[in-house]
Amino acid sequence: MSRFLQAAAGVLVLAAGVAVAVRPVGSLPPLGALLEPAGGVWALGRAGSLGGDRTVTSPAFAGEVKVVVDDRGVPHIYAANELDAYRALGFAVARDRLFQLEAQTRAAAGTLTELVGPRALTSDRDARRLGFARLVERTMRDADTTSPAVQSVKAYAEGVNAWIDHMRPADLPIEYRLLGRQPARWVPANSYLLLARMALTLAYNDASLVKAKAASRVGWPAAEALFPVNAPIQEPIQPNLVDSTRFGFVPIPPPGAPDTSVTTAIGALNGAHRTLGSFLRWTGDEALGSNNWAVAPARSASRHALLAGDPHLELTLPSIWYQAHLVVGDRLDVAGVTLPGAPWVVIGFNRHIAWSMTNTGSDVNDFYRETVDDSLHPARYQVDGTWKPLELRVEAYRAPSGLILAVDTLRFNHRGPLWKVDSTWMSMAWTLYQGSSNGAEFVAIDRAASVGEFLESSATYAVPAQNMIVADRQGTIAIRSTGRYPVRPGPGRGDLIQDGSSSANDWTGALPVEFYPFSLNPTRGFLSSANQQPVDPAVNARFMGANWYSPWRAMRINTLLRADSQVTVDAMRRFQTDPGSARADMFVPTLLRVGADSLRIATSPRAKEAIRLLAAWNRQYDVQNTGPVLFEAVMTELSRRVWDELAPPPGPPGSDEAVTPRPAEAILLGLMADSANAWWDDRRTPLAERRDDILIASLAAGLDSTVARHGPAGSERWRWGNAYHANIRHLLRLPALSALDLPVQSGPSTLSPSSGAGTSGASWRMVVELGPQVSAWATYPGGQSGNPASTHYRDFLPAWLAGRLDSLIVPRTAESFPAGRIEGRTTFRTGR
Amino acid sequence: MVAFYWVLVMANAAGWGTLAAGWIAAPVLALAGAWLAPKSSRPLLSVPAGTVLGWGALLALDARAPGFRALLGVLGRLLPVRPPVVAGATLGLALVLSLGAALIGTALRRR
């Protein structure tokens, strides 16, 4: 071969190699940096290890901090001062969850495009329209920089950045490698962006828009009854004097003439769904909820107070939670879960108390129709006949390269952000916009030494409102639905769209804490919450929200607790994954009764077979059971037939108009007693159906659809564990990094709820016994590490799936840590 | 024998060079290695073989980490190919980069 030809061949081969090394190949990043075996993706196997003893010297630390990582990957942080403890926590979280930290806060800030490119533009626009960045700017501007909360956030940021400075190329998380990016430095404001994002997940409520949309199809009287202010089944958080479920069904008016005056509301709902996109909390998926309960010493076998908590959120890998234990002398000794990105234990326990939270789901945001000076580019809005300036913000969306992808002009008035809906401008008032927490409550809660101190510490907590349950070693138990509740003018209802041109429609203040739903040491000996209406309106009719979750889980918890006067830790654990269903207990007998009563059942062998199968079902959702599959199919058919009047007119699939407002199932249960109600008529048929016709048709259709989907009755595919799965997706929705198709003992409205795509559920399960020494057991679906090569990426998952809890260790000192449970030790020292 | 020694020299160079400078070390050192190689070392074989051996040694070190098996599975699902193919692709990249550089290096040095 001539030299020239050889050199040319070499150039070609080298050029090909360099091309794949430096340029993306399809959806893959450049292979050079990705595959090289020293610092590329292969090094992640080493980065996943937490073992051994190390010393980290960093100017961020003021003194020595010892961190012991236990065999579950949980850091136990022993520091001489609080700020160093928060720094070490920031360092540990960044080591384990660096990509999650950045992705979550960028999602809230609307800057994801700078990390992942134009594919996130829609999501970023949604986030910026909500004004979180503006809100956090104000929070930081107004913050008292000397307050412990702000200091803790700053110290945490220093810890995160200390890790970024300390990390080797091998430690770069796989997501950054796949995206071809480097981590951004962490700023304290990110912690507050994270809290704002949680507020959206838990405190956004579009009940007013849903109700208006229903009115546009069946008129206001029917809409008011289908989406009532008060739940028809009362199992309130604040116990009633008579400790039992109260049923208060009211007749449902027949579907009326559509109310064409609410087209703006329809547009507003569509617009809100468009604007909030994937952030929307209310999807009808009740797996986004939570449980907690506490048992007084008088009803516990050990004669110590017991507390259980399991918040239900979107399930992701890595998890939404990060477990930690922080010890600072005798001033702080708290363990539990933190939100990656914030320095406080949000749910957990210390040496004196344990606490957990469920979402209150109160109505804390209202929509207003605004009068503006220009329908296309408004600069002013009218209030009481006076024009006031809108705050305009020009928002640029940038690619990772810095290139501007798009520019939006956002508008805000004194209530909140403005969105254009068709030809109307709507604003949204939200308690979050009145100032979010700077974290002071969590700083104090983590140190509280009694139920009284906890209640005092949390009194100023604002958003999202939470049913905070607490128990202490003295045997006191308490629950309070704590948060900022707006006081509205007039009747005080927040489930109607208001006229924004009058300041008389603005909120007039916030409910004082002494009016919050509350109970302390009730005579029945236990307390619980599961996102139900907090107070029975027969006791206090003050408006707190509308369209509440059906209280199936609350009914089931209370049934279990009422039946057990010697509650043990193990019973608390079992209850968290109890397969029983109050919903099935309510609906199945009615379905069976119809089967027994109706002569017409003889004409439908399929319905008769469905009834036979449901009668044999024990109404449990364990993985081996074959009954839930049929029951869920029948309920789907039933709901579709009954609420057909609420269905949208035909439109393209997936269009906004395809959204069907769906009443709570408690409403459907009430309708069961009214066999001739016009809602039973299926308008798609020429006949005038009554209840039994629809039930029989639903039973038959439910059986048909189940057989079509899962095979003949009783076959292996009917088993709940085969038919229904939990799906825990990676943050980037990469199947390779997700845990999919997991069989779970949970179903719609069981205590471990799971429904729809199976992407929501119990995100943390904890049981605490408050004896002379506080003992705790817990787990969550995932693991401490965000590195998929780490043994701690998903090592908690088997226990979570089986309903087991790990015994948590919380040694008081690093020196007293049991040697057999130490995975690694890191000592932080100040210096360069 | 000289070729064998040169393979070891290149393997060491590729290993340490990649640790120090990343993937770019492979073609740069291969170019230099081919330029400087003794005539009897058959540089068109020994330089790529040494580079692949160097990267293979680094991979072997990676494989000792407790998370390597999990990582292999994750990479296999991500790309998605059978896990050994990912390791093969890594060594293949080393081969292509070093072979191209060796072809150029040996062509130039005949002057």
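Cut-off values and rules
- Residues numbered from 1 in each chain as written.
- Chains lettered and ligands numbered in written order.
- Predicted model: local features only at pLDDT ≥ 70, side-chain atom pairs only at ≥ 80, totals over all residues.
- Helix = DSSP H or I, 4+ residues; strand = E, 2+ residues; numbered from the N terminus.
- Buried ≥ 20, exposed ≤ 12 C-beta atoms within 10 Å, placed from the backbone.
- Contact = placed C-beta atoms within 7 Å.
- Pairing = 2+ DSSP bridges.
- Axes fitted to C-alpha atoms, helices over the stretch in contact; angles between N-to-C directions.
- Parallel < 35°, antiparallel > 145°, perpendicular 65-115°, else oblique.
- Left-handed = near helix turned anticlockwise from the far one by under 90°.
- Nonpolar A, V, L, I, M, F, W, Y, C, P; charged D, E, K, R; others polar.
- Expected span 1.5 Å × (residues − 1).
- Core = buried A, V, L, I, M, F, W, Y, C linked by C-beta atoms within 7 Å.
- pLDDT = per-residue confidence, 0-100.

Draft legend 1. Representation of the overall build of chain B within the structure. Per the secondary structure count, chain B includes five helices and zero strands. Taken from N to C terminus, the helices and strands of chain B fall in the order α-α-α-α-α. Over its C-alpha atoms, taken along the principal directions, chain B stretches across nearly 50 × 25 × 25 Å. By the burial criterion, 52% of the 111 residues in chain B qualify as buried.

Draft legend 2. Spatial organisation of the overall build of chain A. Secondary structure assignment for chain A yields 24 helices and 33 strands. Counting only C-alpha atoms and orienting by the principal axes, one finds that chain A spans roughly 90 × 70 × 70 Å. Intrachain contacts of chain A at a sequence separation of at least 6 include 71% that bridge at least 24 residues.

Draft legend 3. Region of the structure containing the sheet that holds strand E8 (residues 316–317) of chain A. Residues and elements named next belong to chain A. Strand order in the open sheet formed by three strands is E8-E27-E28, and the pairing between neighbours is mixed. Strands with a single pairing partner mark the edges of an open sheet, and in this sheet they are E8 and strand E28 (739–743). Note that E8 and strand E27 (residues 725–730) share two bridges and pair parallel. Paired with Leu317 across the two strands is His730, which belongs to E27.

Draft legend 4. Examining the packing of helix H20 (residues 627–642) of chain A against helix H22 (residues 691–710) of chain A more closely. Residues and elements named next belong to chain A. One can describe the packing of H20 onto H22 by two numbers: an axis separation of 8 Å at closest approach and a directional angle of 130 degrees. Between H20 and H22, the crossing angle belongs to the class labelled oblique. Of the two possible hands of crossing, H20 and H22 adopt the one that is right-handed. Residues Val629, Leu630, Ala633, Val634, Glu637, Leu638, Arg641 and Val642 of H20 form the contact with H22, whose participating residues are Ile694, Ala697, Ser698, Leu699, Ala701, Gly702, Leu703, Ser705, Thr706 and His710. Looking at the contact of H20 with H22, its residues break down into 11 nonpolar, five polar and two charged.

Draft legend 5. Focus on the pairing of strand E15 (residues 386–389) of chain A. Residue and element names in this part refer to chain A. As judged from the four bridges shared by strand E14 (residues 380–383) and E15, these two strands associate in the antiparallel manner. Following the sheet pairing, Tyr381 is matched in E15 by Lys388. Between E14 and E15, which pair antiparallel one after the other, the connecting turn spans two residues, and Asp384 there sits at a positive phi close to 55 degrees.

Draft legend 6. A look at the interface of chain B and chain A. Listed as interface residues are 34 residues of chain B and, on the opposing side, 36 residues of chain A. For the side of chain B that touches chain A, the element with the most residues is helix H5 (residues 83–109) of chain B, which contributes 13 residues. When grouped by side-chain class, the residues that make up the side of chain B that touches chain A number 25 nonpolar, six polar and three charged.

Draft legend 7. Here's a closer look at the packing of helix H2 (residues 25–36) of chain B against H5(B). Residues and elements named next belong to chain B. One way to put it is that H2 packs onto H5 with a least axis distance of 7 Å and a crossing angle of 35 degrees. Remark: the crossing between H2 and H5 carries right-handed chirality. Judged by residue contacts, Ala26, Pro27, Ala30, Leu31, Ala34 and Trp35 of H2 engage Ala94, Leu97, Ser98, Gly100, Ala101, Ala102, Ile104, Gly105, Thr106, Leu108 and Arg109 from H5.

Draft legend 8. Up close: H2(B). Its 12 residues place the ends of H2(B) 16 Å apart at the C-alpha level, agreeing with the 16 Å of an ideal helix rising 1.5 Å per residue. Along H2(B), the residues classified as buried are Ala25(B), Ala26(B), Pro27(B), Leu29(B), Ala30(B), Leu31(B), Gly33(B) and Ala34(B). At its buried positions, H2(B) is contacted by helix H1 (3–22) of chain A together with helix H1 (2–21), helix H3 (43–63) and H5 of chain B.

Draft legend 9. Focus on the nonpolar core. The biggest cluster of nonpolar side chains holds 217 residues, and the ones touching the most others in it are Ile77(A), Ala196(A) and Ala294(A). For this core, the element with the highest residue contribution is helix H4 (residues 82–109) of chain A, accounting for 15 residues. Of all hydrophobic cores here, the second largest spans 59 residues; its members include Ala43(A), Trp6(B), Ala13(B) and Leu103(B).

Draft legend 10. Up close: the sheet that holds strand E12 (residues 353–359) of chain A. Residue and element names in this part refer to chain A. Taken together, 11 strands build an open sheet; the order of strands is E1-E33-E2-E3-E9-E10-E11-E12-E20-E21-E25 and the sheet is mixed. Two strands bound the open sheet, and with one partner strand each, they are strand E1 (52–58) and strand E25 (518–520). Neighbour-to-neighbour, the strand axes of the sheet open up by a mean angle of 20 degrees, direction not taken into account.

Draft legend 11. Structural view of the environment of Thr559(A). Residue and element names in this part refer to chain A. Mapped onto the elements, Thr559 comes out in helix H16 (residues 552–562). Thr559 gets classed as partly exposed once you count the C-beta atoms within 10 Å, which come to 16. Each C-alpha atom, one on Thr559 and one on Thr105, is 41 Å from the other, the two residues being 454 residues apart in sequence.

Draft legend 12. Representation of the pairing of strand E6 (residues 290–295) of chain A in the model. Residue and element names in this part refer to chain A. E6 sits mainly inside the fold: six of its six residues count as buried. A two-sided burial pattern is seen for E6, the buried positions comprising Ser290, Asn292 and Ala294 on one face and Asn291, Trp293 and Val295 on the other. Two elements, E6 and strand E7 (residues 305–314), share six bridges in a ladder whose sense is antiparallel. Its bridge partner lying in E7, Ala294 is registered against Leu307. Pairing geometry for E6 and strand E26 (residues 526–529), over four bridges, is antiparallel. Across the sheet, residue Val295 finds its bridge partner in E26, namely Phe526.

Draft legend 13. Here's a closer look at the environment of Phe249(A). Residues and elements named next belong to chain A. Checked against the element boundaries, Phe249 lands in the loop between strand E5 (246–247) and helix H13 (263–276). Sequence separation between Phe249 and Ile233 is 16 residues; the distance between their C-alpha atoms is 7.3 Å. Here Phe249 is in contact with Pro232, Gly670 and Ala673, once residues within four sequence places are set aside.

Draft legend 14. Spotlight on unusual backbone geometry. Residue and element names in this part refer to chain A. Of note, the bond from Leu317 into Pro318 is cis; its omega dihedral lies within 30 degrees of zero at -10 degrees. Along the chain, Pro318 falls in the loop between E8 and strand E9 (322–328). Look at the link from Val463 to Pro464: it is a cis peptide, with omega at -10 degrees. Structurally, the position occupied by Pro464 is in the loop between helix H15 (451–458) and strand E20 (466–472). We note that Ser749 has phi near 70 degrees; this positive angle belongs to a residue other than glycine. Mapped onto the elements of the fold, Ser749 is located in the loop between E28 and strand E29 (760–762).

Draft legend 15. Broad picture of H22(A). Between its first and last C-alpha, H22(A) extends 28 Å over 20 residues, near the 28 Å set by a 1.5 Å rise per residue. Gly711(A) sits one or two positions beyond H22(A) and adopts a positive phi of about 95 degrees.

Draft legend 16. Just the environment of Asp674(A), in detail. Residue and element names in this part refer to chain A. By secondary structure assignment, the location of Asp674 is in the loop between helix H21 (665–671) and H22. With 15 C-beta atoms counted inside 10 Å, the residue Asp674 sits in the partly exposed group. Remark: the alpha-carbon pair of Asp674 and Glu716, spanning 42 residues in sequence, is separated by 38 Å.

Draft legend 17. Inspection of the confidence of the model for chain A at higher detail. Of the residues in chain A, 95% reach a pLDDT of 70 or more, and the chain-wide mean stands at 91. Contacts from residues 277–285 of chain A, a stretch scored under 50 in pLDDT, to residues over four places away or in other chains number 18 contacts.

Draft legend 18. Quick look at the confidence of the model for chain B. Scored by pLDDT, chain B has a mean of 90; 98% of the residues are at 70 or more. Of the two predicted TM-score estimates for the complex, the pTM is 0.92 and the ipTM is 0.93.

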